[in-house]
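# Survey of secondary and tertiary structure
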Amino acid sequence: MLRLFHTKPFNLSSLRSFIPRQPIRSYSSFIKNAPYKKPIPLPSINLTKLNPTWMLVGSVGYIGCRYLINGSNIVHCQHKELEGTSDNHFDWNKLLSYLSPDIFNLIAAIAAAFIVALCNLSIPINLQHVINTILKFAKDEIPFDFKKLTDPLSKLLALYLMQGLSTFICISMLSKVGENVAIRMKYNLFSSILKQELEFFDKTRTGDILQRLTTDVQDFKSSFKLVIIQGLKNVTQLIGGVYALYNTSPEMTGAVAIILPTIIVIGTFFGSILRRLSKLAQEQGTRSTIIAEEVIGNMRTVRAFASESTECERFLTEIENNGLLHKKLGYGIGLFQASSNVFLNGIVLGTIILGGQLMTTSSLDPGQLMSFLMVTQMLQHSLGQFSLLFGHYVKGVSAGSRIFEYINKTPKTLINDGIKIPHHSFKPEIEFKDITFSYPTRPEQVILKDFNLTLPPGKVVAVVGSSGNGKSTIAALLMRFYDVNSGSIIIDGVDIKKLDQTWLRKRVIGLINQEPVLFAMSILENIRYGKPEATDIEVIEAAKIANADSFITSFPNGYNTIVGERGVTVSGGQKQRIAIARAILKNPAILILDEATSALDTESEMHVQSALESVTKGKTVLVIAHRLSTVKNADVIVVLNKGEIVEIGDHNTLLKKKGFYWNLMNQQTSDKASAA
């Protein structure tokens, strides 16, 4: 109870005891030697004067008031404040477009749910006749005659069968609709994510994206099916039940109708609070998913730094905060459910008392009272379900809003729109004109400033310089991963912004970087990724040119060997040669080598360099290099310093200048000598 009413941040340390830590000090001696302090005297309280009923009412009222006035005082999240939630709205039009292909299945499910509700309403009315007939046998002391019960019992049996069949149709049809909607929603979400510019991925955590693709879609699908089935059935039963109650006894129905608006007002008031809290809880849950995805995806780094305990601490902090928010949500739902039950059970109790009085005046017979009680119980159940359904509705709308936020997110540039230059007339000439660029996540830091460079067709141009000078940024701009802040990049006389991005990356430019990514599939499929329509013979031929065929065929499964997630089961040199084979198969007119050999040992570098010489023949090549030994044969060498070109020329010319390039060469030569 102290923790429940605590209004300041507190440490939830009970779960932390399960995490391995450094040895903890023993405080037993400190406690034993602590000076004794006389307790502060407290005034005596006469507990006999406290009424338990009023204590219970006061406690519930106090919790409810504190929750409604200042919800953060019931449970306080010690960790940093949650990021402000975006005002995302649920896209009902988009949902209708997903439902339209299955509209007939949805109508069938709705009709079946409606029939189930009508059957539930008709059963008490038919039971009324059965009860009155049996009571008449007992009252008049007439022998039991089954023939007089045949008609009402036959109707009841038919209602039960119809109820069962309609339930099957409703659930099966709605399950089909729900799965189809989830498939369309998940595909459109995934498609929309892949169309976003890289700026979006730089600013958005991978775990948050995966949360929307998995958990949010599942939550929406479950809530959708449950709310449709139970919601329609309960609404129908509520409307039909009120009508049946009025026909049975207008007096008792009027008494019930006085109480219902109170329940509705309270439910609406609580709903707005619970909806906001549910969204906060979902966003907090995403944080733990992000950490788990990040740590598991980089497990080698975590293990290398022995950071298992630290990562467990981070993860525990987030799931504790998530648990606190869900507990807070549970308090609200529990208070709502408890209040609803009190009101609804009060209706039943009032019905029995008022019905008994009406029976004494012959205004109501026993069968009608039994029917009224059954319908009232049905209404009680339906109204009780509304609180649970509302929770599912809140959860579904919240998840759907997060999903539609990404589905409706329009990229700044379309990847399938622009000019496609015919292959026979394409000239792989590149010109960077007055380029100024800074990354969207760091707009204040200028990476390239007034950058100008021309790559002649069929020539090898190398860009060198110390780390952090913008070498890889040039490659990223040429791939159009980002758009420049000012200036333009011209390919064959056309501004790169006017070219079709898909055509540019698929047909024109190939990229081999320092750490190529392989997918968790076979080597054959990884090489074919550069050209999906390629035959097996073409794939093998590309691997031979890349000096990869010999080590691939040495594996037990050859080209069908699964390389594991991110290619962890092959060495760096093998991975690089597979990536080169992929580029050879793609056969681009322009090739970018971004530190392609910097992470390799001498032997692997020799094999990869030999493969690169094969793939670069006759192509326009941009080489981004840190090791100057790999660019000696380049036609043009560009030296960058702080985002600006400070020297340009071939290897021998730059050495004669004894400038930046000469200093870099001497520095690397001395480093090698020191290492030796």
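Residues numbered from 1 in each chain as written. Predicted model: local features only at pLDDT ≥ 70, side-chain atom pairs only at ≥ 80, totals over all residues. Heavy atoms only, no water.

## Observations concerning the overall build of the protein
In terms of helices and strands, the protein carries 21 helices and 10 strands. Of the contacts formed within the protein by residues at least 6 apart in sequence, a portion of 79% connects residues at least 24 apart. When the accessible surface of the protein is totalled, it reaches about 37,400 Å², and 60% of it is carbon and sulfur. (Helix = DSSP H or I, 4+ residues; strand = E, 2+ residues; numbered from the N terminus. Contact = heavy atoms within 4.5 Å. Areas by Shrake-Rupley, 256 points an atom, 1.4 Å probe, with all protein chains shown as cover.)

## Observations concerning the sheet that holds strand β7 (residues 590-594)
Read from one edge to the other, the open sheet built from six strands follows the order β6-β7-β8-β3-β9-β10, with strand pairing classed as mixed. Single-partner strands in this sheet number two, and they are β6 (509-513) and β10 (644-649). Going from strand to strand, the sheet's axes swing by 15° on average, the running direction of each strand aside. Its contacts with the sheet put helix α13 (residues 471-478) on β3 (460-464), β6, β7, β8 (620-624) and β9 (636-641), and the angle it makes with β8 is roughly 145°. (Pairing = 2+ DSSP bridges. Axes fitted to C-alpha atoms, helices over the stretch in contact; angles between N-to-C directions.)

## Things to note about the pairing of β7
The buried fraction of β7 amounts to five of the five residues, a majority that puts the element mostly inside the structure. The two faces of β7 match: Ile590, Ile592 and Asp594 on one face and Leu591 and Leu593 on the other face are all buried. When β6 meets β7, the two strands line up parallel, connected through five bridges. Along β7, the bridge assignment pairs asparagine 513 with aspartate 594. In terms of strand pairing, β7 meets β8 through five bridges, oriented parallel. (Buried < 20%, exposed > 50% of the residue type's maximum accessible area, 1.4 Å probe, protein only.)

## A look at empty space enclosed by the protein
On inspection of all chains with the given rule, the structure shows four cavities of 30 Å³ or more. Its boundaries defined by the atoms lining it, the second largest cavity holds a volume of some 50 Å³. In terms of lining residues, the second largest cavity is bounded by Leu477, Arg480, Tyr482, Asp483, Val484, Ser488, Ile489, Asp495, Ile496 and Lys497. Here the lining of the second largest cavity is built from residues that sort into five nonpolar, one polar and four charged. (1 Å grid on protein atoms, 1.4 Å probe; cavity = no way out; pocket = protein on both sides within 12 Å on 5 of 7 lines; lining within 4 Å. Points joined across faces, edges and corners; volume = space filled by probe spheres on them. Nonpolar A, V, L, I, M, F, W, Y, C, P; charged D, E, K, R; others polar.)

## Some thoughts on the UniProt feature "transmembrane region" (unreviewed entry) in the protein
What UniProt calls "transmembrane region" (unreviewed entry) maps, in this numbering, to residues 103-123, 157-177, 226-246 and 252-274. Secondary structure over residues 103-123 splits into 100% helix and 0% strand, and the C-alpha atoms at its two ends are 30 Å apart. Within the segment residues 226-246, helix and strand shares are 100% and 0% respectively, and the terminal C-alpha atoms sit 29 Å apart. (UniProt positions renumbered as here; feature names shortened; annotations may be inferred.)

## Section: a nonpolar patch on the surface
On the surface, Ile103, Phe104 and Ile107 cluster together to form a nonpolar patch covering roughly 320 Å² of accessible area. The residue phenylalanine 104 is located in helix α5 (residues 103-139) in this model. (Patch = residues over 30% accessible without salt bridge, like charges linked within 9 Å, V, L, I, M, F, W, Y side chains within 5 Å. Salt bridge = Lys/Arg side-chain N within 4 Å of Asp/Glu carboxyl O.)

## Overview of the confidence of the model for the protein
When the pLDDT values of the protein are averaged, the result is 76; 77% of them are 70 or greater. Taken as a whole, residues 1-86 scores under 50 in pLDDT and shows 77 contacts with residues more than four places along the chain or in a different chain. (pLDDT = per-residue confidence, 0-100.)

## Looking at the pattern of salt bridges
All told, the structure shown has 16 salt bridges when counted by the stated rule. One salt bridge connects arginine 507 with glutamate 533, and the closest N-O pair in it is separated by 3.8 Å. With arginine 507 in helix α14 (residues 501-508) and glutamate 533 in the loop between α15 (523-528) and α16 (536-545), this pair connects stretches of sequence that are 26 residues apart.

## Side note on helix α6 (residues 147-194)
Taking 1.5 Å of rise per residue, 48 residues should cover 70 Å, and α6 covers 71 Å from first to last C-alpha, within 8% of that figure. Where α6 bends most, the angle comes to about 25°, and this point is leucine 153. (Expected span 1.5 Å × (residues − 1). Bend = angle between axes of the 7 residues up to and from the residue.)

## Some words on the side chain of glutamine 211
Along the chain, glutamine 211 falls in helix α8 (residues 206-248). Not counting chain neighbours up to four residues away, the residues in contact with glutamine 211 comprise Asp216, Gln282, Gly285, Thr286, Thr289 and Arg402.

## Here we look at the sheet that holds strand β5 (residues 494-495)
Taken together, four strands build an open sheet; the order of strands is β2-β1-β4-β5 and the sheet is antiparallel. The open sheet has two edge strands, β2 (448-455) and β5, and neither has a second partner. In this sheet, β2 lies alongside strand β1 (residues 430-437) in antiparallel orientation, the contact comprising five bridges. Within β2, the position partnered with isoleucine 430 by the bridge is leucine 455. The sheet contacts of α13 involve β1, β2 and β4 (486-491), and relative to β1 the element is tilted by about 115°.

## As for the packing of α6 against α8
Between α6 and α8, the least distance of the axes is 10 Å, while the angle of their chain directions is 155°. Between α6 and α8, the angle is such that the two are roughly antiparallel. For the pair α6 and α8, the sense of crossing is right-handed. (Parallel < 35°, antiparallel > 145°, perpendicular 65-115°, else oblique. Left-handed = near helix turned anticlockwise from the far one by under 90°.)

## Quick notes on the environment of lysine 497
Its place among the elements puts lysine 497 in the loop between β5 and α14. Residue lysine 497 is classed as partly exposed on the basis of its relative accessible area of 41%. Spatially, the C-alpha atoms of lysine 497 and threonine 413 are 8.9 Å apart, while their sequence positions differ by 84 residues. Excluding anything up to four places from it in sequence, lysine 497 contacts Arg480, Asp483 and Val484.

## Here we look at α14
What α14 keeps buried is the set Gln501, Trp503, Leu504 and Val508. For α14, the angular spread of buried residues about the axis comes to 165°, placing them on one side. On its buried face, α14 sits against α13, β4, β6 and β7. You can read the cap of α14 off the contacts: a side-chain oxygen lies 3.0 Å from the backbone nitrogen of threonine 502, and it is on aspartate 500. (Arc of directions from axis to C-beta. Polar contact = N/O pair within 3.5 Å; in protein donor to acceptor, adjacent residues only side chain to side chain.)

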